[in-house]
Amino acid sequence: MKFRLSDYATHPLAIKRLHDELLKSQYWAPAQRREWVQERLERTLRHAVKNVPYYRRTLGPYESRFNEMIDRLDLSELPTLSKQDVRVHFDELCAEGTSNTEKNTVRTSGTTGTPTRFLMDRESNLHQFASMWRVLNWVGYRFGNRFVDFKADPDKRIPATYDARQNCLVFPVEHLKRDNVLLYVRAIRAFRPALIKTYPTTLNLVCHWMKELGLDDLQVKRVVCCAETLRDHHRATIEKVMRCPVYDFYAQNERAALISTCEWGRYHVHEEYSFVESPSKEVGRSAPGGSMEAVTTTFHNLAMPLIRYQTGDLVTPGDGTPCECERTYRTVGRIDGRLQDMIVAPDGRYLASLEHAFFDAPGVQMSQIVQETTAGIEVKIVKAEDFVAEDLDRVEARLRGMIGDEMVIELSLVDSIPAGENGKIPFVISKPGSQAAQDDPGAAEPSSVAGGP
Ligand SMILES: [Zn+2]
């Protein structure tokens, strides 16, 4: 729900037309979609080698083989593009000869410690608006409906504000504390929003506090999570306390891919947004449980197209069965998080899905795993009111079962876990994992992988 309202104000008809087209194309027969995707790949690749100096250099030698690759929808012969490449070659990645009007720069938040800039053009902005509109359309939200937004907003000095332009009640996460929960609950009841949009770690914490205060009759219609991996134990807590469906969408500031849940709760790849390569052993970096790094090629931003872009995010493909919603997109089983959300064992194993260690520990309100070296991890735990000592034993036993005997596990009880500069609270902070995520894929290829249950 990152609507740039200025785009809608200046181009309402173009956005409405794009949105109407998206409402039709979601039901296209597979052959029609394949043809459309092939046309878009052709446009992107030909434009890139003709007008973008970086791609002229790196993809030019492959140009004679483009037709065959597009025909097979298999770009795996082409080199990938990393965030590091974009940082180093930003100027060379800007297309020549495109108008300087209506272009803007977006930045990634730099979770690996190194922010990256991306140039966006008008077509990309308009398509982004229409696509996000459809994400919300799928889960029953209508443009203009009231919504609540828990989000980072460091300039806000009070815990709740109303944004009339978006008809949105904003709770800046910088003010998130137990003392404000009653204020949140009263404000939400009075506002009667159509949905709550939130970081899952934030709402999970609010739900724990609501449970402790006996506040569980909020009557919210739906929750939409974004910006962080929606972990199963957070979803379970939110569903239980909010008593409503919890939806999720995955997107990035650089607009590399869009994956979101439909009204039936299954994740779909928005295939008009970008070409997300089918996970395979040859593509991207592998990770536990069959998940693979999403490698994507953008369709709508000729000012700086991303071709075989390594998102650093891990997805597990769906089981291939059609969804009840009858949309003809590929499904995704899980969004598994970022490469840097994994810890690294001394023997080179990458370990993910560590949240499973907390399923049997209802007295844990919040947790964070910090890894400085491969020798061990520190697990920070904030107690809920119903915490008992056995909660720690269960967490330690499950972690031990998942990561083996080689690593030191240090559990520590803390009063709170502060959010980072971007307002999010990472579940895992791993120096070895971050290092691997920044390295070249060849150098970061894990020698073996292992995962949670
Ligand atoms: Zn569906």
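Residues numbered from 1 in each chain as written. Predicted model: local features only at pLDDT ≥ 70, side-chain atom pairs only at ≥ 80, totals over all residues. Heavy atoms only, no water.

Novice: An account of the overall build of the protein is requested, with residue identities and associated values reported.
Specialist: Each helix and strand in the protein was counted, giving 14 helices and 21 strands. Taking the contacts inside the protein whose residues are at least 6 apart along the sequence as the reference set, 67% of them involve residues at least 24 apart. Only carbon and sulfur atoms are counted for the fraction: they give 50% of the accessible area of the protein, which is about 19,600 Å². (Helix = DSSP H or I, 4+ residues; strand = E, 2+ residues; numbered from the N terminus. Contact = heavy atoms within 4.5 Å. Areas by Shrake-Rupley, 256 points an atom, 1.4 Å probe, with all protein chains shown as cover.)

Novice: Can you explain the packing of helix α10 (residues 200–212) against helix α11 (residues 232–242)? Please cite residues and give values.
Specialist: For the pair α10 and α11, the least separation of the axes is 9 Å and the interaxial angle reads 45°. Comparing their axes, α11 and α10 come out oblique. Crossing geometry of α10 relative to α11 is assigned as left-handed. Between α10 and α11, the contacting residues are Pro200, Thr201, Leu203, Asn204, Cys207, His208, Met210 and Lys211 on the first element and His234, Thr237, Ile238, Val241 and Met242 on the second. (Axes fitted to C-alpha atoms, helices over the stretch in contact; angles between N-to-C directions. Parallel < 35°, antiparallel > 145°, perpendicular 65-115°, else oblique. Left-handed = near helix turned anticlockwise from the far one by under 90°.)

Novice: A description of the pattern of salt bridges should follow, citing residues and the corresponding values.
Specialist: Overall, the coordinates contain 29 salt bridges when judged by the stated rule. As a salt-bridge pair, Asp20 and Lys16 come within 2.9 Å of each other at their nearest N and O atoms. Of this pair, Asp20 and Lys16 are both found in helix α2 (residues 12–25), four residues apart, which corresponds to roughly one turn of the helix. Overall, Asp20 belongs to the partly exposed group, its relative accessible area being 30%. Of the charged contacts in the structure, one is a salt bridge between Arg65 and Glu68, with a shortest N-O distance of 3.0 Å. Through salt bridges that share partners, Arg65, Glu68, Arg72, Asp74 and Glu77 make up one connected network. (Salt bridge = Lys/Arg side-chain N within 4 Å of Asp/Glu carboxyl O. Buried < 20%, exposed > 50% of the residue type's maximum accessible area, 1.4 Å probe, protein only.)

Novice: Which residues make up the pairing of strand β3 (residues 147–151), and what values go with them?
Specialist: In terms of residue burial, β3 counts as a mostly covered element, since four of its five residues are buried. Note that β3 and strand β6 (residues 195–198) share three bridges and pair parallel. The residue of β6 that forms the bridge with Asp149 is Lys197. (Pairing = 2+ DSSP bridges.)

Novice: Which residues make up empty space enclosed by the protein, and what values do they have?
Specialist: Considering all chains together, one arrives at four cavities of 30 Å³ or more under this definition. Here the largest cavity is characterised by a volume of approximately 110 Å³. Every residue lining the largest cavity is counted, 14 residues in all, and those nearest its centre are Ser124, Arg255, Thr298, His300 and Asn301. Taken together, the elements giving at least two residues each to the lining of the largest cavity come down to β2 (117–120) and α8 (122–138). In terms of residue class, the lining of the largest cavity is made up of six nonpolar, six polar and two charged. (1 Å grid on protein atoms, 1.4 Å probe; cavity = no way out; pocket = protein on both sides within 12 Å on 5 of 7 lines; lining within 4 Å. Points joined across faces, edges and corners; volume = space filled by probe spheres on them. Nonpolar A, V, L, I, M, F, W, Y, C, P; charged D, E, K, R; others polar.)

Novice: Quick rundown of the state of the cysteines? Include the residues and the values.
Specialist: One pass over the full model with this rule turns up zero disulfides. Between Cys225, a cysteine without a disulfide, and Cys226, which holds the nearest cysteine sulfur, the sulfur-to-sulfur distance is 7.4 Å. (Disulfide = S-S within 2.5 Å.)

Novice: Lay out the packing of aromatic side chains with the relevant residues and their values.
Specialist: As enumerated under the stated definition, the model contains 13 aromatic pairs in all. Measuring from ring centre to ring centre gives 6.0 Å for Tyr162 and Phe191, while their planes differ by 70°; the resulting arrangement is edge-to-face. Here the residue Tyr162 occupies a position in strand β4 (residues 161–163), and Phe191 occupies one in helix α9 (residues 181–191), the gap between them amounting to 29 residues. Given a relative accessible area of 46%, Tyr162 falls into the partly exposed group. Its relative accessible area of 14% is what places Phe191 among the buried residues. One aromatic cluster is present, formed by Trp28, Trp36 and Phe299 through successive ring pairs. Residue placement shows Arg117 over the ring face of Phe90; its charged tip is 3.8 Å from the ring centre. (Phe/Tyr/Trp six-rings, centres within 6.5 Å; stacked < 30°, edge-to-face > 60°. Lys NZ or Arg CZ within 6 Å of the ring centre and 35° of its normal.)

By themselves, these are just geometric observations and shouldn't be taken as functional.
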